Amino acid sequence: MGKDVIIACDFNSAEETFAFLDKFTGKKPFVKIGMELFYAEGPAIVREIKKRGHKIFLDLKLHDIPNTVMKSMKVLSNLDVDMVNLHAAGTIAMMEAALKGLTREDGTRPMLIAVTQLTSTDEERMQKELYINRSLEETVMHYAENAKTAGLDGVVCSPLEAEKVHGVCGNGFVTVTPGIRFADGDKGDQVRITTPARAKEIGSDYIVVGRPITQAADPVAAYERCVEEFIG
Ligand code: C5P
């Protein structure tokens, strides 16, 4: 499993996305297509970015009844992406259904990972608003174990939780971690954050970086700084 930096392409048009990707001459970073871009441009943007030679994490965070998720994952498996995700809160049955839907007839499938708790959520909100009467860490670990039980490949979690997730689910269980900020950067709406260098120490497998790269004066330099800190 390769450690990598995934750029969150949180743009609302193909034009803006390609203007951004065109800056990376000769390089093909792993990119994340989230709801904003997918809802704006549809599956065509996925095919186009794939054609340009990028690996793709399709971050649509599915969460619905098992049958709906299974059928939706079946459709997504036709897009040649490398990673897709869902909310672990949808239950083990939903995650199992997702895996079934995603698996192609020849047995191949994109990696499937589960969101545990969003990195914008803190413990107080989780307990007060979601009525989850456990610590944030216990909740994340429990959701990770559920994802493993369902046969998923890993979880999206805070980089601060990556080591514990590996402890509970094994080192082969992939941790994909957003909430990455440079030590001298802006935090934005993220709460459970750390730097690329620290994410490496804690053992993240993939870091997902959005605004610190997309909003940088020099996005390519910011990407390279991430790669340098995280992979070395
Ligand atoms: O701009 P920033 O680096 O905060 O972007 C992080 C990206 O990771 C966003 O696209 C966000 O939707 C995504 N994400 C997250 N927390 C999760 C799952 C996905 O921040 N738990």
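Keep in mind it's a predicted model, so treat the numbers as computed, not measured.

(A) The arrangement of the packing of helix H5 (residues 92–102) against helix H7 (residues 136–149) in detail. For the pair H5 and H7, the least separation of the axes is 9 Å and the interaxial angle reads 40°. What the angle tells us is that H5 and H7 run oblique. Of the two elements, H5 crosses H7, and the hand of that crossing is right-handed. In this structure, H5 contributes Ile92, Met95 and Glu96 to the contact, and H7 contributes Asn146, Ala147 and Thr149. Taken together, the residues that form the contact of H5 with H7 break down as 3 nonpolar, 2 polar and 1 charged.

(B) The arrangement of the pattern of salt bridges in detail. What the rule picks out here adds up to 13 salt bridges. Residue Lys32 pairs with Asp59 through a salt bridge whose shortest N-O separation is 2.5 Å. Within this pair, whereas Lys32 is found in strand E2 (residues 30–34), its partner Asp59 is found in strand E3 (residues 56–62), the two being separated by 27 residues in sequence. Its relative accessible area of 8% is what places Lys32 among the buried residues. What emerges from the salt-bridge pattern is a single network uniting Lys32, Asp59 and Lys61.

(C) Quick look at the sheet that holds strand E6 (residues 154–156). Spatially, E1-E2-E3-E4-E5-E6-E7-E8 is the arrangement adopted by the 8 strands of the closed barrel, whose pairing is parallel. Strand-to-strand twist in this sheet, taken as the mean axis angle between neighbours without regard to direction, amounts to 25°. Note that strand E1 (residues 4–8) and E2 share 3 bridges and pair parallel. The residue of E2 that forms the bridge with Ala8 is Lys32.

How each quantity is defined
Residues numbered from 1 in each chain as written. Predicted model: local features only at pLDDT ≥ 70, side-chain atom pairs only at ≥ 80, totals over all residues. Heavy atoms only, no water. Axes fitted to C-alpha atoms, helices over the stretch in contact; angles between N-to-C directions. Helix = DSSP H or I, 4+ residues; strand = E, 2+ residues; numbered from the N terminus. Parallel < 35°, antiparallel > 145°, perpendicular 65-115°, else oblique. Left-handed = near helix turned anticlockwise from the far one by under 90°. Contact = heavy atoms within 4.5 Å. Nonpolar A, V, L, I, M, F, W, Y, C, P; charged D, E, K, R; others polar. Salt bridge = Lys/Arg side-chain N within 4 Å of Asp/Glu carboxyl O. Buried < 20%, exposed > 50% of the residue type's maximum accessible area, 1.4 Å probe, protein only. Pairing = 2+ DSSP bridges.

Keep in mind these numbers describe shape, not what the thing actually does.
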